[in-house]
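Listed below are the residues making up each chain.
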Amino acid sequence: MANGKVCTGFSKPYVALYSATGGTVTYSNGQALARGVSVSVSVDQGDDNNFYADNIVAETESGKFTSGELSLTVDGLLAAAEKLIMGLGEATDGFTDYNDDQEVPDVGIGFIARYMSDGVTTYVPVILLRCQFQFPGIDAATQEETIDWQTQDLTATIKKAEDAKNTWKKVGTDENTEAAAEAKIKTFFSIQ
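What counts, and where the lines are drawn
Residues numbered from 1 in each chain as written. Predicted model: local features only at pLDDT ≥ 70, side-chain atom pairs only at ≥ 80, totals over all residues. Heavy atoms only, no water. Salt bridge = Lys/Arg side-chain N within 4 Å of Asp/Glu carboxyl O. Helix = DSSP H or I, 4+ residues; strand = E, 2+ residues; numbered from the N terminus. Buried < 20%, exposed > 50% of the residue type's maximum accessible area, 1.4 Å probe, protein only. Pairing = 2+ DSSP bridges. Contact = heavy atoms within 4.5 Å. pLDDT = per-residue confidence, 0-100. Arc of directions from axis to C-beta. Polar contact = N/O pair within 3.5 Å; in protein donor to acceptor, adjacent residues only side chain to side chain.

Focus on the pattern of salt bridges
Moving on, step 1. Inspection of the entire model under this criterion finds 6 salt bridges.
Moving on, step 2. Asp-75 is the partner of Arg-35 in a salt bridge, and the nearest nitrogen-oxygen pair spans 2.6 Å. Pair noted here: Arg-35 is in the loop between strand S2 (24-32) and strand S3 (36-45) and Asp-75 is in the loop between strand S6 (65-74) and helix H1 (79-86), with a separation of 40 residues, a long-range link.
Moving on, step 3. Arg-35 gets classed as exposed once you look at its relative accessible area, which sits at 63%.
Moving on, step 4. For Arg-130, the salt bridge is made with Asp-106, and the minimal N-O distance between the two is 2.8 Å. Note that Arg-130 is positioned in strand S8 (residues 120-133) and Asp-106 in the loop between H1 and strand S7 (107-117), a separation of 24 residues in sequence.

This is the structure we're talking about:
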């Protein structure tokens with residue numbers, strides 16, 4: 001590609017339960033989260049560590065990733081995905097309870113970023129290896145003359161995985177189709 005890639009889309013968010021034992025990270029219960037509307041990842045990192053010699057910065061060790069925040073807008077959580085990411089139990093009285101007994105688990109999150117360069121569209125799978133969602137709020141408005149499409153905003157803390165290199169993100173190679181990028185995410189999360 002002669003020019004840089006311009007992001008032109010976002011789709012197919014997936015989640016899976018995260019687990020780590022002895023430096024090996026595994027995922028289970030992977031599934032679609034919802035239909036993707038938008039995604040934003042902000043990153044926090046430590047300060048650069050500068051070494052001064054001859055009155056100038058002679059060497060620098062770049063700051064390392066410390067944490068991040070994922071802002072994700074979806075059309076609306078699928079019920080099974082909501083139970084997974086929020087650590088919810090089964091409904092016993094016709095309601096699912098959000099309460100002190102629930103433990104919000106760490107999950108892996110994958111999605112596809114669509115790019116264009118020189119008129120060529122590619123699809124890139126992105127995996128955030130270990131995240132923990134915050135409790136979602138509710139925004140709803142009554143319908144007037146036309147439907148006001150209402151989406152759901154989710155926020156998650158991005159953490160380092162407990163592997164040998166503290167990996168926090170993986171970016172796949174460009175794929176020619178969305179289906180090929182989606183297949184990489186499903187394979188990573190062991191989704192059949």
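Details of the pairing of strand S5 (residues 56-61)
Two faces, one strand: in a regular strand the side chains alternate between the faces of the sheet.
Moving on, step 1. In the sheet, strand S4 (residues 49-53) pairs with S5 via 5 bridges, with the strands oriented antiparallel. Looking across to S5, one finds that Tyr-52 is bridged to Val-57.
Moving on, step 2. Between the end of S4 and the start of S5, which pair antiparallel, lie 2 residues, with Asp-54 showing a positive phi angle near 50°.

Structural notes on the environment of Lys-186
Moving on, step 1. Positionally, Lys-186 belongs in helix H2 (residues 178-188).
Moving on, step 2. When the C-alpha atoms of Lys-186 and Gln-31 are compared, they prove to be 8.4 Å apart, with 155 residues separating the residues in sequence.
Moving on, step 3. For Lys-186, the residues in contact, after removing those within four places along its chain, are Tyr-14 and Ile-191.

What about the confidence of the model for the chain?
Moving on, step 1. On average, residues of the chain carry a pLDDT of 91, and 99% of them reach 70 or more.
Moving on, step 2. Looking over the chain, one finds the lowest element-wise mean pLDDT in S5, namely 82, and the highest in H2, namely 98.

Quick look at H2
Moving on, step 1. Among all positions in H2, only Ala-181, Glu-182 and Ile-185 are buried. Axial view of H2: buried residues confined to an arc of 100°, hence all on one face. With respect to the buried face of H2, the exposed residues turned more than 90 degrees away are Ala-179 and Thr-187.
Moving on, step 2. In this fold, the buried residues of H2 make contact with strand S1 (6-21), S7 and S8.
Moving on, step 3. Following H2 by one or two positions, Ser-190 adopts a phi angle in the positive range, close to 55°.

Concerning the side chain of Glu-175
Moving on, step 1. Secondary-structure assignment places Glu-175 in the loop between strand S10 (169-171) and H2.
Moving on, step 2. Those residues in contact with Glu-175, other than ones at most four positions away along the chain, are Thr-122, Tyr-123, Ala-180, Ala-181 and Lys-184.

Some points on the side chain of Asp-106
Moving on, step 1. For Asp-106, a relative accessible area of 15% translates into the label buried.
Moving on, step 2. Of note is the side chain of Asp-106, whose polar atom sits 2.8 Å from the side chain of Arg-130.
Moving on, step 3. With near-sequence residues (within four places) excluded, Asp-106 lies in contact with Ala-16, Leu-17, Tyr-18, Arg-130, Cys-131, Gln-132 and Lys-159.

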